[in-house]
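# Analysis of the macromolecular model
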Amino acid sequence: SAASEMKQVTILVVEDDPGVRDIAVRYLEFVGYRTVQAGSVAQARYVLAEGHTIDLVLSDVVLPGESGIQFRRALSTRRPGLPVVLMSGHGDPRGEREVPADLDIFPKPFTRAELARRVAAELALSRDRRSRDSPSEVSPARARDGSTSG
C-alpha cells in the first residue's frame, strides 16, 4: 500500500534553526515519513557516511559553513539521483545571492500540506527518473523473481 511504502522513506532534514528543523521533522513524521536530522552540512555528511538509507534531502539554503546549494552540488556527483529539496526563508538575501535561477526553492514558512506535497512530488519525479534510466526490457516482475535471461 502507499502508506506502507511511505513508511520506508527516510528524509534527511538539514536545518540549523532547531525550531524550524523540529517543525519540518514533526510535519514529515506526521505524514508518515522517517526522518534523520542534521544541523549543518558537516553533520549531514556524517549521517550519509554512517550508511543511513536516505531517500530525499530537505535542506535549508543558508547554513553555517557549507551552504545547502554547495551540498546539493556535491550530492549530485556523489549521490546522483538523490532528490534534494532546498528551502529558504522569504527574501533571505544570503540565500538569494547563492541560488541559481533554475532552482526551484521551497519557501519557508510552509504548511504541513505544502511540505507533504512538495516531498511527494520530488520522490515521484525521482522514481520516474530511475525507471527511465533502468533497462527497459526488464519488467519489474521479471526483475524481482530473477528469471531474466542475459
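Now for a quick tour of the structure. Just so you know, these numbers come straight off a predicted model, no measurement behind them.

Turning our eyes to something else, we now look at the overall build of the protein chain. Assigned secondary structure in the protein chain consists of seven helices and five strands. Counting from the amino terminus, the protein chain carries its helices and strands in the arrangement α-β-α-β-α-β-α-β-α-β-α-α. The burial tally for the protein chain puts 38% of its 150 residues in the buried class. For the protein chain, long-range pairs separated by at least 24 residues make up 66% of all intrachain contacts whose partners lie at least 6 apart in sequence. Looking at the protein chain as shown, the accessible area adds up to about 8,900 Å², and 51% of this sits on carbon and sulfur atoms.

Take the side chain of Ser 126 next. Within the secondary structure, Ser 126 sits in helix 6 (residues 112-133). Dropping the residues within four chain positions of it, Ser 126 is found in contact with Gly 81 and Pro 83.

Counting residues in each nonpolar core, the largest one holds 20 residues, and the members touching the most others are Leu 12, Val 14, Ile 54, Val 57, Phe 71 and Leu 75. Those elements that place two or more of their residues in this core are strand 1 (10-14), strand 2 (34-38), helix 3 (41-49), helix 4 (68-78) and strand 4 (84-89). Looking at this core element by element, the count peaks at four residues for helix 3. Once residues lying within four places of it in the same chain are set aside, the contact partners of Ile 54 are Thr 10, Leu 12, Val 36, Val 47, Leu 48 and Leu 82. Counting 16 residues, the second largest nonpolar core, distinct from the first, contains Val 25, Leu 56, Met 87 and Val 119.

What counts, and where the lines are drawn
Residues numbered from 1 in each chain as written. Predicted model: local features only at pLDDT ≥ 70, side-chain atom pairs only at ≥ 80, totals over all residues. Heavy atoms only, no water. Helix = DSSP H or I, 4+ residues; strand = E, 2+ residues; numbered from the N terminus. Buried < 20%, exposed > 50% of the residue type's maximum accessible area, 1.4 Å probe, protein only. Contact = heavy atoms within 4.5 Å. Areas by Shrake-Rupley, 256 points an atom, 1.4 Å probe, with all protein chains shown as cover. Core = buried A, V, L, I, M, F, W, Y, C linked by side-chain atoms within 4.5 Å.

The values are spatial; any link to function lies outside them.
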